[in-house]
Amino acid sequence: MAQEHEYSINLNEKFGPLELIDTKSLAAAVKDPWFNQTLCRVNDCVVRIGVFAGGEFHWHKHDKEDEFFFVLSGRFVVELEGSRRELGPHQGLLVPRNVMHKTRAPEPAVILMMEAASVTPTGD
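Peer 1: Explain the pattern of salt bridges here, please?
Peer 2: Oppositely charged side chains are able to pair whenever their charged atoms sit close together. What the rule picks out here adds up to 10 salt bridges. Among the charged side chains, a network of salt bridges with common partners joins Arg75, Glu79, Arg84, Glu86, Arg104 and Glu107.

Peer 1: Help me understand a nonpolar patch on the surface in this model?
Peer 2: A surface patch of nonpolar side chains, about 310 Å² in accessible area, is lined by Val42, Phe68, Leu94 and Met114. With respect to the helices and strands, Val42 occurs in strand S2 (residues 34-42).

Peer 1: Honestly, the pairing of S2 in this entry has me stumped. Any pointers?
Peer 2: Moving residue by residue along a regular strand, the side chains alternate between the two faces of the sheet. Counting buried positions along S2 yields seven of nine residues, so the element is predominantly enclosed. Relative to S2, strand S1 (residues 8-10) runs parallel, the two sharing three bridges. By the bridge assignment, Ile9 is partnered in S2 with Asn36. On the question of chirality, the crossover connecting S1 to the parallel S2 by way of helix H1 (residues 23-29) is right-handed. Two strands pair when backbone bridges link them, and S2 and strand S3 (residues 45-52) are joined in this way by eight bridges, in the antiparallel orientation. Note on S3: the bridge partner recorded for Val42 is Cys45. Between S2 and the antiparallel strand that follows it, S3, lie two residues; Asn43 among them carries a positive phi value of about 55°.

Rules behind the numbers
Residues numbered from 1 in each chain as written. Predicted model: local features only at pLDDT ≥ 70, side-chain atom pairs only at ≥ 80, totals over all residues. Heavy atoms only, no water. Salt bridge = Lys/Arg side-chain N within 4 Å of Asp/Glu carboxyl O. Patch = residues over 30% accessible without salt bridge, like charges linked within 9 Å, V, L, I, M, F, W, Y side chains within 5 Å. Areas by Shrake-Rupley, 256 points an atom, 1.4 Å probe, with all protein chains shown as cover. Helix = DSSP H or I, 4+ residues; strand = E, 2+ residues; numbered from the N terminus. Buried < 20%, exposed > 50% of the residue type's maximum accessible area, 1.4 Å probe, protein only. Pairing = 2+ DSSP bridges. Right-handed = clockwise from strand over helix to strand, strands pointing away.

Shown next as structure tokens:
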């Protein structure tokens with residue numbers, strides 16, 4: 001299913017311990033319309049940045065892992081079966097495991113995500 005979509009998903013850990021992470025500079029350098037980069041590992045989890053020019057991600061779920069979204073800038077919508085949550089800057093949402101969801105950015109947005117390092121970003 002994920003092969004049908006065009007996302008730039010980078011699972012390599014870009015930063016190690018004690019390295020400065022400048023999300024503003026990282027976001028400014030992104031040219032892809034839907035970009036996801038693992039920033040670093042925190043114990044058994046990873047922190048990722050999502051930079052979205054707009055558009056949406058496909059419906060998916062994570063069988064074993066929860067997923068946390070935190071908006072740095074822009075607006076971000078998390079569609080859930082039967083409901084939706086719209087997030088603005090400095091707002092976050094935890095999507096529990098096994099919950100079908102689809103994310104979209106109605107305008108350019110920069111998002112931080114935290115999830116288990118074992119998660120497959122495109123869903124199970």
